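The residues making up each chain are set out below.
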Amino acid sequence: MPKVGFISLGCPKALVDSEQILTRLRAEGYALTPDYNDAELVVINTCGFIDSAVEESLDTIGEALHENGKVIVTGCLGAKADTILEHYPQVLAVTGPHALNEVMQAIHAHIPKPHDPFSDLVPAAGIKLTPAHYAYLKISEGCNHRCSFCIIPALRGDLVSRPVSDVMREAEALAQTGVKELLVVSQDTSAYGVDVKYRTDFWGGRPIKTRLTELAQALGELGIWIRLHYVYPYPHVDDVIPLMAEGKILPYLDVPLQHASPRILKAMKRPANIENTLQRIQGWREICPDITLRSTFITGFPGETEQDFDDLLQFLRQARLDRVGAFAYSAVEGADANTLAGAVAEEVKQDRLERLMALQAQISTEKLAAKVGQTMTVLIDGYSDDGLLLARSAADAPEVDGVVILDGIEHAQAGEFLQVTVTGATEHDLIAE
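Quick caveat, the model's predicted, so the values are computed rather than measured.

Undergrad: Run through the overall build of the chain, naming residues and quoting values.
TA: Looking only at helices and strands, one finds 12 helices and 20 strands in the chain. For the chain, whose C-alpha radius of gyration is 22 Å, the value lies close to the compact-globule estimate of 22 Å for 433 residues. Its C-alpha atoms put the chain at 60 × 55 × 50 Å along the principal axes. Expressed as a percentage of its 433 residues, the buried residues of the chain come to 54%. Looking at the chain as shown, the accessible area adds up to about 18800 Å², and 51% of this sits on carbon and sulfur atoms. Distance between charge centres in the chain, computed from 37 positive and 60 negative side chains, equals 7 Å.

Written out as structure tokens, the structure reads:
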């Protein structure tokens, strides 16, 4: 079989695109190899969201060209073909994101398809890059927002929701293959179905609307963990919280708030009523006391003053979010925010980033310490490089959150659920037995 190398960069949405390409490759009889020397060509799914991601993508392309010589580029940075070709004119082909057919056409042009596809060459759920016990489920592509710091709509277009029947068929196939946790992702998960006016579809012989609440309810019937990511706080998100309280889906909500200063939020073209956000958070916790709230923030946005940053810190003190990610503002090429006055010095951005994360570390430490003595269900991920057995609770998404370090367990398999008692805590992780 002809052998193809594959490198996947970027976010979980890009990872799903990679899985679809890999699934088609295996269905058509191509073999996959992790060895540059063994591959007849290399496909790279790139990220182009912030400067560091662009740099990583360009470096990866350069390495693959040096080691192999035949490279096809796809993904978000591929939407800026001129940037790639300026650095590496020798690449075989460049496509944008979510371009399965174009990528396959480029591969066929350089490595002829070995035979007609047979669906039984691959599992029903397709080829996955995640461990066997969890998978990302992408429900839509693109975004209708025009946040001033973001170029995702220029890269991936406006919102296009997948038919809910297709989403449920994929989710069901994944559950049947042994996946124990589905992480629902998109650019804007809350907006699912807006573009098709919440059209009614059918799954399992019954009608179901193309809307987040109905989708979450249906996914909750699969009997596995369902975790929601990238959820903008639209009013109808309140309807999902009771499903968490009832145990239908995980009590976990990833809400990208980005800032807390009304002035900065307005410049970002984001909802600026931060008092309403605090009230919403309080309401969610009243309905579901065990809910874990995760968010992301930007420091050093153009025009951000020390007072604006203090507003953000004060919000964190009041909101006491469980999980927080943050990054210093990056002037992404093509973003409207680059034209705003009041650029913040790089050292100030980094200083504010460190102060924000120090405060959040303190909050996290206090919240995790309060869990000592509790009994909880965890999902085994496997062993670390130094032999520690690692798991995750309902409060821990893979890669971005903390872990539960297990003690006194000699034999455990990835994908197992265990009941454990928390015996200790660090800034971001729990220790349990």
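Having put the structure on the table, let's press on.
Undergrad: How would you explain the pattern of salt bridges if you had to name every residue and give the values?
TA: Under the defined criterion, the tally for this structure stands at 28 salt bridges. Between Lys128 and Glu170 there is a salt bridge, and its shortest N-O distance comes to 3.7 Å. Placement of Lys128 in the loop between helix 4 (100-110) and strand 6 (134-138) and of Glu170 in helix 6 (residues 164-176) is noted, with a sequence separation of 42 residues between them. Judged by relative accessible area, Lys128 falls into the partly exposed class, the value being 23%. A salt bridge links Arg169 to Asp166, with the shortest nitrogen-to-oxygen separation between them at 2.5 Å. Of the two residues, Arg169 and Asp166 both sit in helix 6, three residues apart, roughly one turn of that helix.

Undergrad: Which residues make up the sheet that holds strand 3 (residues 41-46), and what values go with them?
TA: Ordered by their spatial adjacency, five strands build an open sheet running 2-1-3-4-5, and the pairing between neighbours is parallel. Looking at the sheet topology across the chains shown, the edges are occupied by strand 2 (31-32) and strand 5 (93-94). The sheet contact formed by strand 1 (residues 3-8) and strand 3 spans five bridges and is parallel. When the sheet's bridge partners are listed, Val4 is paired in strand 3 with Leu41. Docked against the sheet, helix 1 (residues 12-27) engages strand 1, strand 2, strand 3 and strand 4 (71-75), running at close to 170 degrees with respect to strand 1.

Undergrad: Report on the nonpolar core, specifying residues and quantitative values.
TA: The tendency in soluble globular proteins is for nonpolar side chains to be buried as a group. Residues Leu182, Leu253 and Phe315 are the most contacted members of the largest nonpolar core, which totals 64 residues. With six residues, the single largest contributor to this core is helix 11 (residues 306-319). In this structure, Leu182 is in contact with Ala135, Leu137, Ala171, Leu174, Leu222, Ile224, Trp225, Ile226 and Arg227, ignoring residues within four places of it in sequence. Core analysis: the next-biggest nonpolar cluster, separate from the first, contains 17 residues, Leu9, Leu58, Ile61 and Val91 among them.

Procedures and definitions
Note that residues are indexed from 1 along each chain, following the sequence as it is written. Local features are withheld for residues below a pLDDT of 70 in this predicted model, meaning they are given only at 70 or higher, and side-chain atom pairs are given and counted only at 80 or more; totals for whole chains, interfaces and linings count all residues. As a rule here, side-chain values cover all heavy atoms of the structure and leave hydrogens and water aside. Runs of H or I in DSSP of at least four residues are treated as helices and runs of E of at least two as strands, each being numbered from the N terminus. Radius of gyration here uses only the C-alpha atoms, and the compact-globule reference equals 2.2 Å multiplied by the residue count raised to the power 0.38. A 1.4 Å probe rolled over the protein chains alone gives each residue an accessible area, and that area as a share of the maximum for its type sets the label: buried under 20%, exposed over 50%, partly exposed in between. Accessibility throughout is a Shrake-Rupley quantity obtained with a 1.4 Å probe, and a residue counts as covered only by protein chains that appear here. Counted as positive: Lys and Arg. Counted as negative: Asp and Glu. His and the chain ends are not counted at all. In this description, the location of a charge corresponds to atom NZ of lysine, CZ of arginine, CG of aspartate or CD of glutamate. Within this document, salt bridges are pairs made up of a side-chain nitrogen of Lys or Arg and a carboxyl oxygen of Asp or Glu, the two lying within 4 Å of each other. At least two bridges found by DSSP between two strands is the condition for calling them paired. By definition in these notes, contact holds between two residues if any of their heavy atoms fall within 4.5 Å. Where helices are involved, their axes are fitted lines through C-alpha atoms of the stretch in contact, as for all axes, and angles between N-to-C directions lie from 0 to 180°. Nonpolar cores are built from buried Ala, Val, Leu, Ile, Met, Phe, Trp, Tyr and Cys residues. Side-chain atoms within 4.5 Å join them into one set.

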